[in-house]
Amino acid sequence: MKVVVVGATGTIGSALVYALQNDHEVIAVGNSRGDYLVDMTSEDSIRELLKSLGRFDALAITAGSVAFNSLQAMTLAEWQQGIDSKLMGQINLVRYALDALSDNGSITLTSGIIAREPILKGISACTINGAVNHFVKAAALEMPRGIRINCVSPTVLKESTAPYGDFFPGFIPVPASTVAQSYKKSILGIQNGRIFEVE
Ligand SMILES: NC(=O)c1ccc[n+]([C@@H]2O[C@H](COP(=O)([O-])OP(=O)(O)OC[C@H]3O[C@@H](n4cnc5c(N)ncnc54)[C@H](OP(=O)(O)O)[C@@H]3O)[C@@H](O)[C@H]2O)c1
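Predicted, not measured: the structure shown is a model, and the values here were computed from it.

Scoring rules and cut-offs
Residues numbered from 1 in each chain as written. Predicted model: local features only at pLDDT ≥ 70, side-chain atom pairs only at ≥ 80, totals over all residues. Heavy atoms only, no water. Core = buried A, V, L, I, M, F, W, Y, C linked by side-chain atoms within 4.5 Å. Buried < 20%, exposed > 50% of the residue type's maximum accessible area, 1.4 Å probe, protein only. Helix = DSSP H or I, 4+ residues; strand = E, 2+ residues; numbered from the N terminus. Contact = heavy atoms within 4.5 Å. Pairing = 2+ DSSP bridges. Right-handed = clockwise from strand over helix to strand, strands pointing away. Near = heavy atom within 4 Å. Polar contact = N/O pair within 3.5 Å; in protein donor to acceptor, adjacent residues only side chain to side chain. Areas by Shrake-Rupley, 256 points an atom, 1.4 Å probe, with all protein chains shown as cover. Salt bridge = Lys/Arg side-chain N within 4 Å of Asp/Glu carboxyl O. Axes fitted to C-alpha atoms, helices over the stretch in contact; angles between N-to-C directions.

**Q** Report on the nonpolar core, specifying residues and quantitative values.
**A** Formed by 43 residues in total, the largest nonpolar core has its most connected members in L50, F56, L59, L93, I107, L109 and I149. Going through the elements one at a time, β1 (2-6), β2 (25-30), α2 (43-53), β4 (56-61), α3 (76-97), β5 (101-110), α4 (123-140) and β6 (148-154) are the ones with two or more residues in this core. Every residue in contact with F56, bar those within four places of it in the chain, is listed here: K2, V4, L50, A97, A100, L101 and S102. Counting 23 residues, the second-largest nonpolar core is a separate cluster that includes V3, I12, V152 and L157.

Written out as structure tokens, the structure reads:
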């Protein structure tokens, strides 16, 4: 299977590449490193990427950022970051990938636990992750040619506890290798319209 991973150089993405690379052709896409580069906040950049990739069987997106701040301090620019990157970046990748995906292919997006367990300064992450989950549920009903779409919604990663751990009191971190298995389930399984919660 030819699998395109956008965010392949990141913590989750590199674990996913590792989990797939022995049995599949993995195309690693990053922002500054990788087989191909893309800026997911730019529709033009996404269009260019999809033009150069040719046909493929699966798209997994393990990228997308949001700003962290309190409701009262969050600026419009900080709100816009999550909208342009994690929300519309993933939605635009889906929009442009549809024509490039094989029949019965798959798309896997990423949200996160903050959608269901808000944390301090996580107002944008909660809102954006929730929107990504809801996009996936609705988009699954409109997927053409047997294409499936799912979302992985992980808790904080073991590998990320140094930078983010203090924001997740009482949350039990999971290794990226465990999270990668849910992407594998989405790519190689038969589920559609599912949010795979990993915690
Ligand atoms: N880490 C966690 O604990 C955790 C938990 C739950 C959910 N998540 C979510 O999972 C996703 C990945 O998290 P992560 O921790 O694996 O991230 P990460 O280690 O920071 O990696 C981010 C990846 O996204 C790429 N990227 C950055 N800016 C981009 C852009 N503008 N366009 C396209 N790609 C871009 C990076 O490419 P370069 O390396 O080339 O810059 C890298 O491959 C995020 O949406 C995050 O919110 C993470």
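Resuming the write-up.
**Q** Explain the pairing of β2 to me, and be specific about the residues and the numbers.
**A** A large share of β2 lies buried, amounting to 5 of its 6 residues. One ladder, built from 5 bridges, connects β1 with β2; its direction is parallel. For V3, the partnering residue across the bridge sits in β2 and is V26. Taking the sense of rotation as the criterion, the β-α-β connection linking β1, helix α1 (residues 11-20) and β2 turns out right-handed. The sheet contact formed by β2 and strand β3 (residues 36-37) spans 2 bridges and is parallel. Its bridge partner being in β3, G30 is matched across the sheet by L37.

**Q** Tell me about the site of the ligand, and name the residues and values.
**A** Around the ligand, the structure places 24 residues, and the nearest of them are T9, S32, M40, G64 and K86. At 3.3 Å from a nitrogen atom of the ligand is found a main-chain nitrogen or oxygen belonging to V38. Note that a nitrogen atom of the ligand is positioned 2.8 Å from one of the backbone N or O atoms of M40. Taken by itself the ligand offers 900 Å² of open surface, and the protein chains cover 77% of this.

**Q** Before we move on, can you summarise the pattern of salt bridges with the specific residues and values?
**A** Tallying each qualifying case throughout the model produces 7 salt bridges. E197 is the partner of R116 in a salt bridge, and the nearest nitrogen-oxygen pair spans 3.5 Å. Here R116 is found in the loop between β5 and α4, whereas its partner E197 is found in strand β7 (residues 195-198), with 81 residues between them in sequence. In this structure E197 comes out as partly exposed when scored by relative accessible area, which is 49%. Here R116 and E199 are joined by a salt bridge, their closest N and O atoms 3.0 Å apart. With R116 in the loop between β5 and α4 and E199 in the segment after β7, the pair connects residues that are 83 residues apart, well separated along the chain. Judged by its relative accessible area of 25%, R116 falls in the partly exposed class.

**Q** Hey, could you go over unusual backbone geometry for me, with residue numbers and the actual values?
**A** Its identity is not glycine, yet N104 carries a phi of approximately 60°, on the positive side. Structurally, N104 is set in strand β5. One non-glycine residue, R145, lies in the positive phi region at around 50°. Among the secondary structure elements, R145 is positioned in the loop between α4 and β6. In this structure R145 comes out as partly exposed when scored by relative accessible area, which is 35%.

**Q** I'd like to hear about the sheet that holds β6, residue by residue, with values.
**A** One open sheet accounts for 7 strands, arranged β3-β2-β1-β4-β5-β6-β7; its pairing is parallel. Looking at the sheet topology across the chains shown, the edges are occupied by β3 and β7. Contacts from α1 reach β1, β2, β4 and β6, with the element oriented near 165° to β1. Strand contacts of α4: β5, β6 and β7, with the helix running at about 160° to β6, the strand carrying the most contacts.

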